[in-house]
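So you can see what is in the structure, the chains are spelled out below.
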Amino acid sequence: MATILLVDDQPELLRVYSKGLEKAGYHVLTASTAQTALDVLATSALDAAMLDFKMPYINGLGLLYRLRKIRRRLPVAVITGAGN
């Protein structure tokens, strides 16, 4: 079973995305901040990550930049629930 790190600062979206991925057969680890995501990344074996684009402090692209320094080849999708 593949493990995906899901990062989103909105609890409701984090819950909905997580539930969908779990139904699809993935093991999901979640983080609501970029710093928590980096902590998970440092301690967990991951197969992929999904990062929210719009987050406070460190946004999805900032997190992606930091993530690439740690796990260069990890597949990543940058997503957003923002409509504007």
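Above: the structure in question.
Conventions we followed
Residues numbered from 1 in each chain as written. Predicted model: local features only at pLDDT ≥ 70, side-chain atom pairs only at ≥ 80, totals over all residues. Heavy atoms only, no water. Patch = residues over 30% accessible without salt bridge, like charges linked within 9 Å, V, L, I, M, F, W, Y side chains within 5 Å. Areas by Shrake-Rupley, 256 points an atom, 1.4 Å probe, with all protein chains shown as cover. Salt bridge = Lys/Arg side-chain N within 4 Å of Asp/Glu carboxyl O. Helix = DSSP H or I, 4+ residues; strand = E, 2+ residues; numbered from the N terminus. Buried < 20%, exposed > 50% of the residue type's maximum accessible area, 1.4 Å probe, protein only. Pairing = 2+ DSSP bridges. Axes fitted to C-alpha atoms, helices over the stretch in contact; angles between N-to-C directions. Right-handed = clockwise from strand over helix to strand, strands pointing away. Arc of directions from axis to C-beta. Contact = heavy atoms within 4.5 Å.

## Side note on a nonpolar patch on the surface
Now for step 1: Taken together, the side chains of Phe 53, Leu 61 and Val 78 define a hydrophobic patch exposed on the protein surface, amounting to about 240 Å² of accessible area.
Now for step 2: Note on placement: Val 78 falls in strand 4 (residues 76–79).
Now for step 3: On the basis of relative accessible area, Val 78 is assigned to the partly exposed category, the value being 36%.

## Brief notes about the pattern of salt bridges
Now for step 1: What the rule picks out here adds up to one salt bridge.
Now for step 2: The salt bridge involving Glu 12 is made with Arg 15; its shortest N-O contact spans 2.6 Å. Of this pair, Glu 12 and Arg 15 are both found in helix 1 (residues 11–23), three residues apart, which corresponds to roughly one turn of the helix.
Now for step 3: Assessed through its relative accessible area of 45%, Arg 15 is described here as partly exposed.

## Here we look at the sheet that holds strand 2 (residues 27–31)
Within a sheet, adjacent strands bond to each other through the backbone by hydrogen bonds, running parallel or antiparallel.
Now for step 1: Pairing in this open sheet of four strands is parallel, and the strands run 2-1-3-4 from one edge to the other. Looking at strand neighbours, the two that pair on one side only are strand 2 and strand 4, the edges of this open sheet. For this sheet, the mean angle separating the axes of adjacent strands, direction not counted, is 20°.
Now for step 2: In this sheet, strand 2 lies alongside strand 1 (residues 3–7) in parallel orientation, the contact comprising five bridges. In the sheet register, Leu 6 faces strand 2, and the bridge partner there is Thr 30.

## Some remarks on the pairing of strand 4
Now for step 1: Relative to strand 4, strand 3 (residues 48–52) runs parallel, the two being bridged by four bridges. Counterpart to Asp 52 in the pairing with strand 4 is Ile 79.
Now for step 2: In this view, the connection linking strand 3 to its parallel neighbour strand 4 by way of helix 3 (residues 60–70) has right-handed handedness.

## Describing helix 2 (residues 34–43)
Now for step 1: Every buried residue of helix 2 is listed here: Ala 34, Ala 37, Leu 38, Val 40 and Leu 41. Along the axis of helix 2, the buried positions cluster into a sector of 160°, meaning they face one direction only. Among the exposed residues of helix 2, those oriented more than 90 degrees off its buried face are Ala 42 and Thr 43.
Now for step 2: Next to the buried residues of helix 2 lie strand 1, strand 2 and helix 3.

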